[in-house]
Amino acid sequence: MTERQAPPAPGRGASPRKSRKDGFAALAFLSPSIVTFLVFVLAPTAGVLYLSFYDWNLLSDGTFVGLDNFERLFTDERLLRVYGSTVYMALAILAVNVVLGLLLAVLLETRMPRWLRGVFRLSFLFPFVVSAAAVALIWRFLLNKDLGLVNYLLGTLGVDRIDWLGSSAWAPISIIIVNSWKTIGFSILVYIAGLQAIPHQLKEAAIVDGANAWTRFWRITFPLLSPTIFFLVVINTINSFQIFAEPRVLTSGGPGDASRTIVQYLYDRAFGDFDLGYASAIGITFMLVLIVLTAIQFRFSRRWTFYE
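Here is what the cut-offs are and how they apply
- Residues numbered from 1 in each chain as written.
- Predicted model: local features only at pLDDT ≥ 70, side-chain atom pairs only at ≥ 80, totals over all residues.
- Heavy atoms only, no water.
- UniProt positions renumbered as here; feature names shortened; annotations may be inferred.
- Phe/Tyr/Trp six-rings, centres within 6.5 Å; stacked < 30°, edge-to-face > 60°.
- Helix = DSSP H or I, 4+ residues; strand = E, 2+ residues; numbered from the N terminus.
- Buried < 20%, exposed > 50% of the residue type's maximum accessible area, 1.4 Å probe, protein only.

In the nomenclature of an unreviewed UniProt entry, the chain corresponds to Sugar ABC transporter permease from the organism Paractinoplanes aksuensis. Checking UniProt for the chain, the heading Sequence similarities (unreviewed entry) contains the comment "Belongs to the binding-protein-dependent transport system permease family." Per UniProt, the chain carries the Subcellular location (unreviewed entry) text "Cell membrane".

What am I meant to see in the packing of aromatic side chains here?
Given two aromatic rings, one states the distance between the centres and the angle between the planes to describe the pair. This structure, assessed with the given rule, holds 14 aromatic pairs. On the basis of an interplanar angle of 75° and a centroid distance of 5.5 Å, the ring pair of Tyr54 and Phe64 is categorised as edge-to-face. Within this pair, whereas Tyr54 is found in strand S1 (residues 54-55), its partner Phe64 is found in strand S2 (residues 63-64), the two being separated by 10 residues in sequence. Owing to a relative accessible area of 57%, Phe64 belongs among the exposed residues under this scheme. Look at Trp218 and Phe222: their rings are 5.2 Å apart centre to centre, the planes differ by 20°, and that puts the pair in the stacked class. Taken together, the positions of Trp218 and Phe222, both in helix H9 (residues 213-241) and 4 residues apart, correspond to about one turn of that helix. For Trp218, a relative accessible area of 44% corresponds to the partly exposed category. Given a relative accessible area of 22%, Phe222 falls into the partly exposed group. Feature note: the residues Trp214, Phe217, Trp218 and Phe222 constitute an aromatic cluster, connected by ring pairs.

Would you mind showing me how to read the environment of Glu71 here?
Relative to the assigned elements, Glu71 resides in helix H2 (residues 68-72). Residue classification places Glu71 among the exposed positions, given a relative accessible area of 51%. Along the sequence, Glu71 and Gly155 sit 84 residues apart, while their C-alpha atoms lie 50 Å from each other.

Structure, rendered in structure tokens:
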């Protein structure tokens, strides 16, 4: 009587031909993303790095200058001011999206009629899908010092007119308000998805144990929502540091450089002054700054991010 042979382990008896077919199939599915990355990310980045070593004004042949463009970064006092205004606005926008977005998402998940919840979700998400330039153009009229609706409403409350777009103190705040109004819908949507993924059994058990709303949020909701919060911190940090349309349309970066961002300054140097080599050096260093910030966030996320 012959012994029955054990069936081969899954994948161990697969033929080399089948493995190659699976590899080709995977490559075919990934090819659109790979081509998009190579054409629209890697190739432009390599081109910018190449231009950063040249002095080129779009009209004449470029001149190789080595690291001169990078050395100019350390003597450009205006660049330092622009970095300061960018950090100020970016951190404020990040705080609004992460903190206020979480608060609004929790409120939207409270008991209310389904149709009313849908109306609120749509009202918060609609600005996110509208063009940033269109949003900025609308807010430019709303924030007008003399004819704007915002100052009119504040006037009915006895508040003096505010020069939202012409004051060095209020212009950055205007950028923060407009960009936050446009982007907070995305944060709310992601938060709602994270809240709905939390098992209801945990909350019900906490209620049975006598935990109040704050204890349930701090002990259950926040730890289970921490991966979602970390994702939004990273995404909103990158996006808020790259704002361009709002300051360009609302204030043109002014007054002075009070509301100018790095991306706008890079654009002005490249297509206003036709100094593409120096603008490329700014772009390369700015990319490195964002990479370092993201790496720091990933490093410290281990202390407060919890996964099931």
